[in-house]
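For reference, the chains in residue letters:
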Amino acid sequence: MPEYVQVQVAVDDRAVAGALARSAVAARLAACAQIVGPITSVYRWKGVVETAEEFLLLMKTTGERSGELTEHVRREHPYETPEIISLPVTGGLGAYLEWISEETGGPGGPADRG
C-alpha cells in the first residue's frame, strides 16, 4: 500500500462536489480536496456513449485512510457507479506529506496534539 494517495472523484454538480470535499476533510479522511472544472467527460454507460459536464474532486490522504475515504465517498455520492480512483503519490515535498499525515490522523491524532 502506498504511504500517500490522491483519490479522484467525478460528480455532475459543483455543490455536491463541495459537500463531498467538506465532509471528507471534516471527517479527517482527506487533508485537502480540490475541485476542478467544469470538465467534459465522454464515457459509455449502459451501452450508450454519453457526454456530460462534471467536476473533478482531487483529495489527498494516506494509504491507511484511503479505504475509509473511498467508502465515505461511495455512501455520499449520487451516482450508481461513481468514479473513485486512488492514485499512489510517489514523491512530494516532505513537509506537505507530513501535513497530510497530521490532518488525517483523526481525533486525538498528531494534529490535535499540536
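Rules of the game
- Along each chain, residue indices are assigned from 1 in the same order as the chain's sequence is written.
- For a predicted model such as this one, the threshold for reporting local features is a pLDDT of at least 70, and the threshold for listing and counting side-chain atom pairs is 80 or more; totals across whole chains, interfaces and linings nevertheless cover every residue.
- The side-chain numbers reported here are obtained from all heavy atoms of the structure, hydrogens and water having been left aside.
- Strands were regarded as paired on the criterion that DSSP finds at least two bridges between them.
- Only runs of H or I of at least four residues qualify as helices and only runs of E of at least two qualify as strands under DSSP, and these elements are numbered from the N terminus.
- Between N-to-C directions, angles span 0 to 180 degrees; the directions come from axes that are lines fitted to C-alpha atoms, helices contributing only their stretch in contact.
- What makes two residues a contact is simply this: any of their non-hydrogen atoms within 4.5 Å.

## Some words on the sheet that holds strand 3 (residues 48–62)
With respect to topology, 4 strands assemble into an open sheet ordered 2-3-1-4, the strand pairing being antiparallel. This sheet does not close on itself; its edge strands, each paired only once, are strand 2 (32–45) and strand 4 (84–88). Across the sheet, the mean angle from the axis of one strand to that of its neighbour is 30°, orientation sign disregarded. Here strand 1 (residues 4–11) runs beside strand 4; their pairing, made up of 5 bridges, is antiparallel. Opposite Q6, over in strand 4, you have L87 as the bridge partner. The sheet strands contacting helix 1 (residues 14–26) are strand 1, strand 2 and strand 3, and the helix crosses strand 2 at an angle near 130°.

These figures come from the coordinates and say nothing about function on their own.
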